[in-house]
Amino acid sequence: MIVGVCRMELSLEGAFSLKDKRQIIKSIIERLKARYNASIAEVDLNDTWKNAVIGVSCVSNDAKHIDSMLNNIVNFVENDGRAALFNYNTEKIYID
């Protein structure tokens, strides 16, 4: 079994309050969950209204599937337009 994880750091120039930020992040997370079978949550900078960190986790028995899925999720966020992705890390964890 392989667990793929991704940490994405976002800048939200269109957010002018925590309420704006939460609406944008919630919408992005819900669209990702609907499109990809992955666990997704805001994991850091919860009280900062111009930045957010989203964590993604997915499980598979195929490393290529994990790579493809995480790449598609990163591309989706990059192309969304409501938040600028300025940094991300991905990692695969192999479990026996």
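Below: a short report on this structure. (Residues numbered from 1 in each chain as written. Predicted model: local features only at pLDDT ≥ 70, side-chain atom pairs only at ≥ 80, totals over all residues. Heavy atoms only, no water.)

1. Observations regarding the environment of E30
- With respect to the helices and strands, the residue E30 is situated in helix 1 (residues 18-35).
- E30 gets classed as partly exposed once you look at its relative accessible area, which sits at 41%.
- Residues E30 and M69, spaced 39 residues apart in sequence, show a C-alpha to C-alpha distance of 16 Å. (Helix = DSSP H or I, 4+ residues; strand = E, 2+ residues; numbered from the N terminus. Buried < 20%, exposed > 50% of the residue type's maximum accessible area, 1.4 Å probe, protein only.)

2. Quick word on the pairing of strand 1 (residues 2-11)
- For strand 1, a buried count of eight out of 10 residues is recorded, marking the element as mostly surrounded by other parts of the structure.
- Of the strand pairs in this sheet, strand 1 and strand 3 (residues 51-60) are connected by 10 bridges, and their pairing is antiparallel. The partner of R7 across the bridge, within strand 3, is G55.
- Pairing of strand 1 with strand 4 (residues 84-94), which is carried by 10 bridges, proceeds in the antiparallel orientation. Bridging across to strand 4, V5 finds its partner in E91. (Pairing = 2+ DSSP bridges.)

3. Notes on the packing of aromatic side chains
- This structure, assessed with the given rule, holds one aromatic pair.
- Pairing Y36 with F76 gives two aromatic rings, centres 6.3 Å apart and planes at 80°, and the pair type is edge-to-face. In this pair, Y36 is assigned in the loop between helix 1 and strand 2 (39-44) and F76 in helix 2 (residues 63-80), connecting sequence segments 40 residues apart. For the residue pair Y36 and F76, the accessibility class agrees, reading buried in each case. (Phe/Tyr/Trp six-rings, centres within 6.5 Å; stacked < 30°, edge-to-face > 60°.)

4. Quick look at the side chain of K21
- If you trace the backbone, K21 turns up in helix 1.
- For K21, a relative accessible area of 0% corresponds to the buried category.
- In terms of polar contacts, K21 uses its side chain to reach the backbone carbonyl oxygen of N51, at 3.0 Å.
- Ignoring anything within four residues of it in the chain, the contact list for K21 reads L12, A15, E42, L45, N46, D47, T48, W49, N51 and A52. (Polar contact = N/O pair within 3.5 Å; in protein donor to acceptor, adjacent residues only side chain to side chain. Contact = heavy atoms within 4.5 Å.)

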